[in-house]
Amino acid sequence: GFWEWDYSSRNGPSTWVEKFPMAAGSRQSPVNIETDRAESDHEALSSKPLRWKYPATASRKLLNPGYCWRVDTDGEGTLLSGGPLMDDIYKLEQYHCHWGCSDSRGSEHTVDGQAFAGELHLVHWNTTKYKTFAEAAKAPDGLAVLGVFLKVGKPHDEMDKIARLLPYVSHKEDCIEINEPIDPSKLLPDDNGYWTYLGSLTTPPCNESVTWILFKRYIEVSHHQLNIFRNLRKFPRGEECPCHENHGVVINNFRPPLPLGNRVLRECGS
Ligand code: SG4
Ligand code: ZN
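So, a few notes on the structure that sits alongside this text. Here the structure is a predicted model, which is why all the values come from computation and not from measurement.

### Concerning the overall build of the chain
For step 1, the next point in the chain: Secondary structure summary: the chain contains four helices and 14 strands in total.
For step 2, the next point in the chain: For 270 residues, the compact-globule estimate of 2.2 N^0.38 gives 18 Å, and the chain sits close to it at 18 Å.
For step 3, the next point in the chain: Each principal axis of the C-alpha distribution contributes one length, and for the chain these read about 55 × 40 × 40 Å.
For step 4, the next point in the chain: Split into buried and exposed, the 270 residues of the chain put 52% on the buried side.

Structure, rendered in structure tokens:
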């Protein structure tokens, strides 16, 4: 069949560049955050605090695209602005997650070389400058992704709403409507200190269109909740399991860090 990118040894991150030349660019994500190198450019970032608004009713659908779980929103009433985004208003398009096969790996970004068990991404697009998500995804200031590191600890109440729905989207291309509201702001840490830099989508086509905002504080999810993520299937319902790799479950769906190069890493708050 058609070549499809994934995270396997065969079609994984090191091969993406063959079909997606952007993946070899100089503004790629994720990166390793060297905390010592972060510039605390206090005035520029803190003069406009980062602010967000996410009505719980905006979370509409839960899907399994075959390489993660994803919640699509209708964007209605959602907003992200301030900080590195200045006065531009971004809307929430979707949120999704990356995780490992064990609790010691799974995040895309690393902090001083240290990986977390997972990383949640809230993907937004710039509605001040662009008309559609697709148009924004091609522009250098089109997208903003909020990243939250996941660490294993106590179960997370809001994440549990997602975990309890995942068995209904166990196979690739499964999709359900969300009826019980899921509030993305409850998936963010209490403190809003963050690191920020200019990067890309971490999956093909790896567009260099993302302002990354990574919270310094992690949230806790339980080992059991992560195991529910690890039970999603990479293949469609009714198809035979391509059991050559990991019994067809979605694990290690993260791209390894790429060089920061001469990009500036800024920080705000602690
Ligand atoms: C995940 O694979 C999402 O399912 C994708 O969403 C997303 O692509 C991709 O990650 C890259 O986003 O925050 N990790 S990331 O850089 O948002 C886009 C869809 O394919 C375009 C809709
Ligand atoms: Zn992501």
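Having seen it, we continue.
### Brief notes about the packing of aromatic side chains
For step 1, the next point in the chain: Taken as a whole, this structure holds nine aromatic pairs when the rule is applied.
For step 2, the next point in the chain: Where W5 meets W16, the ring centres are 5.3 Å apart and the plane angle is 75°; that geometry is what we call edge-to-face. Note that W5 is positioned in the segment before strand 1 (32-33) and W16 in the segment before strand 1, a separation of 11 residues in sequence. No difference in accessibility class separates W5 from W16, as the two residues are buried.
For step 3, the next point in the chain: Plain terms: the ring middles of W69 and F229 are 5.7 Å apart, the flat faces sit at 70° to each other, and that makes the pair edge-to-face. Of this pair, W69 sits in the loop between strand 3 (59-63) and strand 4 (70-73) while F229 sits in helix 4 (residues 223-229); the two residues are 160 residues apart in sequence, bridging distant segments of the chain.
For step 4, the next point in the chain: These aromatic residues form a ring-pair network of at least three members: W5, Y7, W16 and Y67.

### Side note on the environment of N231
For step 1, the next point in the chain: You can see N231 is positioned in the loop between helix 4 and strand 14 (266-268).
For step 2, the next point in the chain: In this structure N231 comes out as partly exposed when scored by relative accessible area, which is 44%.
For step 3, the next point in the chain: When the C-alpha atoms of N231 and D190 are compared, they prove to be 29 Å apart, with 41 residues separating the residues in sequence.

Cut-offs applied
- Residues numbered from 1 in each chain as written.
- Chains lettered and ligands numbered in written order.
- Predicted model: local features only at pLDDT ≥ 70, side-chain atom pairs only at ≥ 80, totals over all residues.
- Heavy atoms only, no water.
- Helix = DSSP H or I, 4+ residues; strand = E, 2+ residues; numbered from the N terminus.
- Rg over C-alpha atoms; globule rule 2.2 N^0.38 Å.
- Buried < 20%, exposed > 50% of the residue type's maximum accessible area, 1.4 Å probe, protein only.
- Phe/Tyr/Trp six-rings, centres within 6.5 Å; stacked < 30°, edge-to-face > 60°.

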